[in-house]
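Here is what each chain is made of, one letter per residue.
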Amino acid sequence: MMLARHHHRLLAARSLAALSRPNRLHMSYFHQWEKLPGEGREPRKGVERVLGAIRAERFSAAHPVSGAVEDSFDAVVVGGGIVGLATAREFLKRYPDKTVAVLEKEGEVAPHQTGHNSGVIHAGLYYTPGTRMAYTCVHGAELMYKYCDEHDLPAERCGKLIVATNESEHPQVEKLYKQGTANGVQGLEIVSGEKVREMEPNIHAYSALHSPNTGITNYWLVAQRMAQEIRESGRGDIKLSYEASEFTKTKDNRVRIRGVEPRQKGPNVDVVAGHVITCGGFYSDYLAKRAGGNPHKDRVTTFRGTYYQLKTEYRSAVKRNIYPVPSGGGIPVGVHLSPTVDVRRGHEMIVGPGACITFSREGYEFFDFKLADVLDNFSNPALYAFVLKNMGLSFGELYRDLNKKAFIKQAQRYIPDLTLDMVEPSYAGVMSQVFEPGGIAAGDYILERKCMDGLVLNLRNAPSPAATASLAIAEMVCDTAAEDFGWPKSQKNQ
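Rules used in this analysis
- Residues numbered from 1 in each chain as written.
- Predicted model: local features only at pLDDT ≥ 70, side-chain atom pairs only at ≥ 80, totals over all residues.
- Heavy atoms only, no water.
- Domains from an automatic or database assignment.
- Contact = heavy atoms within 4.5 Å.
- Salt bridge = Lys/Arg side-chain N within 4 Å of Asp/Glu carboxyl O.
- Polar contact = N/O pair within 3.5 Å; in protein donor to acceptor, adjacent residues only side chain to side chain.
- Helix = DSSP H or I, 4+ residues; strand = E, 2+ residues; numbered from the N terminus.
- Nonpolar A, V, L, I, M, F, W, Y, C, P; charged D, E, K, R; others polar.
- Patch = residues over 30% accessible without salt bridge, like charges linked within 9 Å, V, L, I, M, F, W, Y side chains within 5 Å.
- Areas by Shrake-Rupley, 256 points an atom, 1.4 Å probe, with all protein chains shown as cover.
- Expected span 1.5 Å × (residues − 1).
- Buried < 20%, exposed > 50% of the residue type's maximum accessible area, 1.4 Å probe, protein only.
- Phe/Tyr/Trp six-rings, centres within 6.5 Å; stacked < 30°, edge-to-face > 60°.
- Pairing = 2+ DSSP bridges.
- Core = buried A, V, L, I, M, F, W, Y, C linked by side-chain atoms within 4.5 Å.
- Arc of directions from axis to C-beta.

1. Some thoughts on the domain arrangement of the chain
Here is step 1: When cut into domains, the chain gives domain 1 (70-158 + 214-298 + 444-489) and domain 2 (299-441).
Here is step 2: For domain 1 versus domain 2, the separation of C-alpha centres amounts to 25 Å.
Here is step 3: Listed by partner, the interface residues are 36 residues for domain 1 and 34 residues for domain 2.
Here is step 4: At the boundary of domain 1 with domain 2, the tally comes to two salt bridges.
Here is step 5: When the shortest N-O distance is used, the salt bridge between Asp285 and Arg361 registers 2.9 Å.
Here is step 6: Taken together, domain 1 and domain 2 are joined by 15 residue pairs in polar contact (both at pLDDT 80 or more).
Here is step 7: When residues of the side of domain 1 that touches domain 2 are traced back to their parent elements, those giving at least two are strand S8 (215-217), helix H8 (219-232), helix H9 (284-290) and strand S21 (456-461).
Here is step 8: Grouping the constituent residues of the side of domain 1 that touches domain 2 by class yields 14 nonpolar, 15 polar and seven charged.

Rendered as structure tokens:
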């Protein structure tokens, strides 16, 4: 009945609009049909099964002749990676009478950082105690294990060894132990080189930090399930191939987002939201600028993480994550070995990643080049400061990205029997990082609040361990949004 009344109102509006249009064809009547083929009918079940009930209903409705086609939602999340999807999912859980849309530039959800990482569920060792990053990683890891268990998705607590290859590296092991313990990570233990050899016979170490609760999952698959949940709710829509290009405030104090399919001139599609949350990954600064954020702060630099993998006959050389101690600079955690439970790529043992600065925001290969992105990097003083402070690291990563022998040499420090003929190329990912003034890698997530007169919240920095922490980040973002937007903390029990 609601849909029928909706159709009648739209048809009436179309008729009035048609009658009021100026007569342009020699003052003769320009005929307009009441609806186009497919409009004004009952929603198709096939569309609902694929894209959800809210899309099926709105797609079948008849649209008025005048004005652009638009959808209206209580909230819109811009960015369809795992953090954006988790945020939309959390919103729907908290507010059972509200609607949400996720806008994603690519033709699928989780196309970039979510779908091209190590798949490690981090325990929370590397992050400064008291930061959002530390809390959300530890809390988010448990939420991720629980989510995978509830939805029967692959997740394995295979553990992790962070190895010191000599005595001079051992203080790093002790530091990570103290830091992880302060963050609430359970089960940590410093083990001797002899014990490491018992646990992993192929690994050479002076000592190591054993983290039994570090694990692996397939974040791309987790994101697909989150997307299904959003669509199945009947109150959530995911608009793919939608590049949000313009954000404007409406007269009734909402946000109108104009978007178009990437690399196309039209049609422009408008989405109207009561409030907007941007989770743009390595486009977070671009999105924030369009959505009323500060264009000069929290600028993103992207790094390519290249992976190799052990050939099939060698892939069971270890059975847990093997990491070196951090190399410094705040960016790479070092070339490590990780088993995968990746439904697209299979059960493999990956070696990587590197951390090579890219010449394009989507620089999955060394020679990918986009002039605007290069100029943006050159005009970023914080990036200059980082490179000057870490010249060896910066240029070393460039060299290793091009040289397989130099790349694998990093892993040979702790697995000395590894040879080049045991390894073959695998995939690459692109990761984002914000640098603070002075060239310091931002050590926490950054939220830009109350943009566009309090209607927009921008998540400006969410590097690793954001996939691990995604469900906890979603809680944090929704808590902040509730404060900024005047939402109740939750309506689940109201």
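2. Some remarks on a nonpolar patch on the surface
Here is step 1: A cluster of nonpolar residues, Phe369, Leu371, Leu375, Phe378 and Tyr384, forms a patch on the protein surface that exposes about 570 Å² of accessible area.
Here is step 2: Ranked by the residues each element gives to the nonpolar patch, the list is headed by helix H10 (residues 371-378), at three residues.
Here is step 3: Within the element layout of this structure, Phe369 appears in the loop between strand S17 (356-357) and H10.

3. Describing helix H6 (residues 170-182)
Here is step 1: In this model, H6 (13 residues) spans 19 Å end to end at C-alpha, consistent with the 18 Å of a helix rising 1.5 Å per residue.
Here is step 2: Listing the buried residues of H6 in full gives His170, Val173, Leu176, Gln179 and Gly180.
Here is step 3: The secondary structure elements touched by the buried residues of H6 are strand S5 (160-164), strand S6 (189-192) and strand S7 (207-211).
Here is step 4: Of the residues flanking the end of H6, it is Gly184, one or two places downstream, whose phi is positive at about 95 degrees.

4. Observations concerning the packing of aromatic side chains
Here is step 1: As enumerated under the stated definition, the model contains 14 aromatic pairs in all.
Here is step 2: Taking the centre distance of 6.2 Å and the plane angle of 65 degrees together, the rings of Phe303 and Phe435 count as edge-to-face. Of the two residues, Phe303 sits in strand S13 (residues 300-310) while Phe435 sits in strand S18 (residues 423-436), which places them 132 residues apart along the sequence.
Here is step 3: Residue Phe303 is classed as buried on the basis of its relative accessible area of 5%.

5. Quick word on the sheet that holds strand S4 (residues 155-156)
Here is step 1: Spatial ordering of the open sheet is given by S3-S8-S4, a layout of three strands whose pairing is antiparallel. This sheet does not close on itself; its edge strands, each paired only once, are strand S3 (120-121) and S4.
Here is step 2: Direction of pairing for S4 relative to S8: antiparallel, over a ladder of two bridges. Following the sheet pairing, Ala155 is matched in S8 by Thr217.

6. Some details on the side chain of Gln433
Here is step 1: If you trace the backbone, Gln433 turns up in strand S18.
Here is step 2: Accessibility expressed as a relative area gives 8% for Gln433, which makes it buried.
Here is step 3: Here the side chain of Gln433 touches Ala442 through a polar contact of 3.3 Å, landing on its backbone oxygen.

7. A closer look at the pairing of strand S2 (residues 100-103)
Here is step 1: Side chains Val100 and Val102 of S2 all project onto a buried face; the interleaved residues Ala101 and Leu103 project onto the opposite face, where all are buried too.
Here is step 2: Pairing of S2 with strand S9 (residues 236-239) involves four bridges; the strand directions are parallel. What sits directly across from Leu103, in S9, is Lys239.

8. Details of the nonpolar core
Here is step 1: Core analysis: the biggest nonpolar cluster contains 69 residues, and Leu85 and Ile473 have the highest contact counts within it.
Here is step 2: With 25 residues, the next largest nonpolar core counts Met199, Val318, Tyr414 and Met422 among its residues.

9. Notes on H10
Here is step 1: Listed in full, the buried residues belonging to H10 are Asp373, Val374, Asp376 and Asn377. Seen along its axis, H10 keeps its buried residues to an arc of 160 degrees; they face one direction.
Here is step 2: In this fold, the buried residues of H10 make contact with H9, S13, S17 and helix H11 (381-389).

10. Notes on the environment of Pro154
Here is step 1: The topology assignment puts Pro154 in the loop between helix H5 (132-150) and S4.
Here is step 2: In this structure the C-alpha to C-alpha distance between Pro154 and Thr340, which are 186 residues apart in sequence, comes to 9.8 Å.
Here is step 3: When residues no more than four places from it in sequence are discounted, the contact partners of Pro154 are Cys148, Ile216, Thr217, Asn218, Leu221 and Val341.

11. Notes on the pattern of salt bridges
Here is step 1: Tallied over the entire structure, the rule returns 29 salt bridges.
Here is step 2: Close ionic contact of Glu362 with Lys105 constitutes a salt bridge, the shortest N to O distance being 3.0 Å. Pair noted here: Glu362 is in the loop between S17 and H10 and Lys105 is in the loop between S2 and S3, with a separation of 257 residues, a long-range link.
Here is step 3: The exposure class of Lys105 is buried, given its relative accessible area of 18%.

12. A word on the environment of Asp401
Here is step 1: Its place among the elements puts Asp401 in helix H12 (residues 391-402).
Here is step 2: Sequence separation between Asp401 and Tyr286 is 115 residues, and the spatial gap between their C-alpha atoms is 27 Å.
Here is step 3: When near neighbours in sequence (up to four residues on either side) are disregarded, Asp401 contacts Arg304, Thr306, Cys356 and Phe366.
Here is step 4: Within polar-contact distance, the side chain of Asp401 engages the side chain of Thr306 at 2.7 Å.

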